[in-house]
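Chain by chain, the residues:
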Amino acid sequence: MTLIQKYNFTINIETRSNKICIQGDDNLQSMIVGTVMRKIKSRTWKKQRYFKLQEDCMTIWYKSKKAGNTHSTFSVSDVETVREGHQSEVLLSIADEFPPGRCFTLVFRGRRGNLDLVADSVDEAQSWIKGMRKLIENLENMAESEKLDQWICEWFKKADKNNDGRMNFREIRVLLKMMNVDMNEHHAHRLFMTADKSQTGTLEDDEFVLFYKMLTQREDVLRVFQDYSGDGQKLSLRDLEEFLRDEQLEEVDGVQQLAMELIERYEPSDTAKMLKAMSIDGFLMYLASAEGSIFHPRQQSLYQDMTQPLNHYFISSSHNTYLMEDQLLGHSSVEGYIRALKRGCRCVEVDCWDGPNGEPIVYHGHTFTSKILFKDVVNALRNYAFKVSEYPVILSTENHCGVEQQRVMAQHLNTILGDKLLKSTLDGKIPVSFPSPEELKGKILLKGKKIGGLEESLNGLVEPEDSLTGEKSKQRLSKELSDCVVYCKSVHFSSFKHSRIHSKFYEISSFTESKARKHLREAGEEFVHHNARQLTRVYPSGLRTDSSNFNPQEMWNTGTQIVALNFQTAGVEMDLNDGLFSQNGSCGYVLKPDFMRMSERRFDPEVSQNREGYQPRSLCIQVISGQQLPKVNIKESSVVDPFVRVEIHGLPLDQAKQETRYIDNNGFNPVWYDTLRFTIHAPELALVRFVVEDYDKASKNDFVGQYTLPFSCIQQGYRHIHLLSKDGTSIPSASLFVHVRITNLV
């Protein structure tokens, strides 16, 4: 079997870890033999397919029994999780036909649809459920170096067309094109001949290793390594300390301890470890790790104060959560709620209408979107609300139901959610401000119209009639549903002055994006001040029938907490949302800057300099190189011409973008060494987005990858940026290498 050696490791083409995991594992061995299962798309679409785990333990191969030689594959790394039983709408629809023990769902990353399967027996289903879960766990526990090894193995197999474990020069040329590098043929042949020690005209075993090491030599990292190495061969403990202190700006007091820990963690050579030194291989592994990432690991965990009132936080929020596509003809699905909640979303929306058989339904009213049951949405909330985050979920209702079905809604909320549903103030007393996310852990808050206020509810002054009319509303309300609303009473907005004088803290108003922009233009300071006291929700214009999104940054600049986006639509807007909420343990809550939380002081988003604590920063980014950028054009001969754009999203004064030059025909290891500089006046609100595109002088540039993070979470020094795809999932091995420096300007 062909071997590949990378950074002093030897791995099998099928990878050692996978070989070990197969041995003694009956589930994986059964998967490798293969199984015939039913693929289910609907109650009427059920087709038999033969599924088989490939020998690499990374690929699932499947084919139709009637389709001849045609087959498909997908990677285990594409699968996010396995759901057991009837845990999808499709499998629920055939629950009377197939028992839950034979059913399971493979949930893919990103926006790819689920794969619903039915095995012939419970044992076969369990083999696939347990086997897939083990493979997913193995992948999640892989170190960066192992992931890189796996990526290399996959490319080798793709290029080895005749499966003889050897690579001739023609196969090498195909491999280079596949890996997105348009290398000079003379140079590639010279590397090939140098590596072909046996002079057989093919590369095998260590020869391919040598070729790959010459191909992937990181001159950019070697240059940094040699700048700090005393002898050019290794970094002594003192050399590494100097690098960590002077370049990475690590805290001086703990730098020696950190250096020793990094050697222990990333140095592959036992000899170097004994010498308390780091080789170039260990140095590269450190820089490619989470500790070498541009995102500070400490701020990826929960680090903010979660005991402030709820309205002091930005809250990750979804619009028309039930929709999987557009607003006119799109598919409504409980899956929309599951996906949003698993992305850390803490405010989801339901549009409720009277349905048949006395059951309220959820869909986009007066359109041709499909319909789902309200009770199925509530069940999804019960099952998934707190899988990713313990902090409260707001269920925002747009209620078009009559009184009778409102009662049914209240019954489902109470019966299905039980004590997860917040039915009263936390201490039973009349509050003067919001409780905190910490105090509301594990609770679901209903946002909707309410009869009277909290004071009347708690004092028992609301009339117990069958139906009443809520203030400012022509709709008749069921008291049962009204009683489910506590801290989030929906009210009509009159003016900031009216709210300042008359509104209660628990009253929340919703604005379309255009109305919110009007308020921002005409009374930005008042808008921020309003949001220091109350919750506000902003949602996309009804004209966005394609489910496109507005720029959420504009609304965060006003202190608006609930900025509702169409989570199903990829693009820069969702990149910004993912970027903001990637900090603080991805819990869906981010504490607003203190100048947006103080009701006694005013902040104008148009004039950021006029505030207490004003401290502008200079951001200097040297974009050094890129690694293994993905192909964006399916043509085999096509190779990207990559360039990098750095965007600053924040207050109007901070909005900026700059670009590197583009590199001709090299997505494999482009090198720029281009420096981009920015001034940031409100760093507390700024997001930094790195975008890689394929330059095209004749048409629109193609998107290659991106990464967005809060300015406050940036680590300085030499850092790798691990790129994400358009839908926010990781791109294996694709990264940028940069140097970052931040300085105070005042």
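This report concerns the structure included in the present document. Owing to the predicted nature of the structure, the values given are computational and were not obtained by experimental measurement. The residue numbers shown here count from 1 along each chain, following its written sequence. The predicted origin of the model limits local features to residues at a pLDDT of at least 70 and limits the giving and counting of side-chain atom pairs to 80 or more, whereas totals for whole chains, interfaces and linings rest on all residues. For side-chain calculations, the full set of non-hydrogen atoms in the structure is used, while hydrogens and water are omitted.

### Concerning the sheet that holds strand β8 (residues 103–108)
Just so we agree on the cut-off: Two strands are counted as paired when DSSP detects at least two bridges linking them. Labels follow the DSSP assignment, with helices taken as runs of H or I lasting at least four residues and strands as runs of E lasting at least two, numbered in each case from the N terminus. Angles run from 0 to 180 degrees between N-to-C directions of axes, and those axes are lines fitted to C-alpha atoms, restricted for helices to the stretch in contact. By definition, residues are in contact when any of their heavy atoms lie within 4.5 Å.
Strands sit in the order β6-β5-β4-β3-β9-β8-β7 across an open sheet of seven strands; the sheet is antiparallel. The sheet terminates laterally at β6 (71–75) and β7 (79–84), the two strands that pair on one side only. Taking each pair of neighbouring strands and ignoring which way they run, the sheet shows an average axis angle of 35°. Relative to strand β4 (residues 46–53), strand β3 (residues 35–40) runs antiparallel, the two sharing six bridges. Following the sheet pairing, Met37 is matched in β4 by Arg49. Where helix α4 (residues 122–140) meets the sheet, its contacts fall on β3, β4, β5 (59–64), β7 and β8, and the angle it forms with β7 comes to roughly 150°.

### Some thoughts on unusual backbone geometry
Threshold: Note on exposure labels: buried denotes an accessible area under 20% of the residue type's maximum, exposed denotes more than 50%, and partly exposed covers the range between, all computed with a 1.4 Å probe on protein chains only.
A positive phi angle, near 60°, is found at Asn357, a position not held by glycine. Inspection of the secondary structure assignment puts Asn357 in the loop between β15 (347–353) and β16 (361–362). Residue Asn357 is classed as exposed on the basis of its relative accessible area of 79%. A positive phi angle, close to 55°, is found at Asn584, a residue other than glycine. Summarising the element assignment, Asn584 is placed in the loop between α23 (572–580) and β26 (589–591).

### Things to note about the pairing of strand β14 (residues 313–318)
Counting buried residues in β14 gives six out of six residues, a clear majority hidden from the surface. Because side chains alternate across β14, one face comprises the buried residues Tyr313, Ile315 and Ser317, and the other comprises Phe314, Ser316 and Ser318, equally buried. As judged from the three bridges shared by β14 and β26, these two strands associate in the antiparallel manner. Looking at the pairing, Ile315 lines up with Tyr589 of β26. Two strands pair when backbone bridges link them, and β14 and strand β25 (residues 562–565) are joined in this way by four bridges, in the parallel orientation. By the bridge assignment, Ile315 is partnered in β25 with Ile562.

### With respect to a nonpolar patch on the surface
Condition: Only residues whose relative accessible area exceeds 30% and that take part in no salt bridge are eligible for patches, with like-charged residues grouped when within 9 Å of each other and nonpolar side chains (Val, Leu, Ile, Met, Phe, Trp, Tyr) grouped when within 5 Å. The protein chains shown are the only cover counted for residues, whose accessible areas, like all others here, come from Shrake-Rupley with a 1.4 Å probe. Definition used for salt bridges: Asp or Glu carboxyl oxygen within 4 Å of a side-chain nitrogen of Lys or Arg.
A grouping of Leu328, Leu329 and Phe368 is seen on the molecular surface, where their side chains present a nonpolar patch of about 370 Å² in accessible area. By the secondary structure assignment, Leu329 is in the loop between β14 and α15 (334–342). By relative accessible area, which is 60% here, Leu329 ends up exposed.

### Notes on the nonpolar core
Soluble globular proteins: nonpolar side chains tend toward being buried together. Here is the rule: In this text, buried Ala, Val, Leu, Ile, Met, Phe, Trp, Tyr and Cys residues form a nonpolar core when linked through side-chain atoms within 4.5 Å. Either an automatic procedure or a domain database provided the assignment from which the domain bounds are taken.
Membership of the largest hydrophobic core comes to 61 residues, with the highest contact counts inside it found for Val362 and Leu413. No other element matches helix α16 (residues 374–384), which puts six residues into this core. The two domains that each donate at least three residues to this core are domain 4 (310–458 + 476–596) and domain 5 (615–744). If sequence neighbours within four positions are ignored, Val362 has contacts with Tyr322, Tyr337, Val350, Asp351, Cys352, Ser370, Lys371, Ile372, Phe374 and Val377. Counting residues in each nonpolar core, the second largest holds 32 residues, with Ile294, Val646, Leu676 and Phe711 among its members.

### Details of the packing of aromatic side chains
The cut-off we apply is this: For Phe, Tyr and Trp, where Trp contributes only its six-membered ring, two rings pair if their centres lie within 6.5 Å, and the inter-plane angle classes them as stacked under 30 degrees, edge-to-face over 60, or tilted in between. For a ring to carry a charge above it, either NZ of a lysine or CZ of an arginine must fall within 6 Å of the ring centroid while also lying within 35 degrees of the normal to the ring plane.
Enumeration over the complete set of coordinates arrives at 27 aromatic pairs. Note on Tyr487 and Phe505: the rings are 6.4 Å apart at their centroids and 45° apart in plane angle, and the pair reads as tilted. Of this pair, Tyr487 sits in strand β22 (residues 485–490) while Phe505 sits in the loop between α20 (496–502) and β23 (507–512), and the two are 18 residues apart along the sequence. Note on Phe505: relative accessible area 13%, which makes it buried. Between Phe496 and Phe527 the ring centres are 5.4 Å apart and the planes differ by 40°, which places this aromatic pair in the tilted class. Of this pair, Phe496 sits in helix α20 while Phe527 sits in helix α21 (residues 513–531), placing them 31 residues apart in sequence. The rings of Phe225, Tyr228, Phe243, Phe283, Tyr718 and Phe737 are connected pair by pair, giving a single aromatic cluster. Note that Arg112 overlies the ring of Phe108, its terminal NZ or CZ placed 3.9 Å from the centroid. The positively charged end of Arg218 is found above the aromatic ring belonging to Phe737, 5.3 Å away from the centroid.

In short, shape yes, function no, at least from these values alone.
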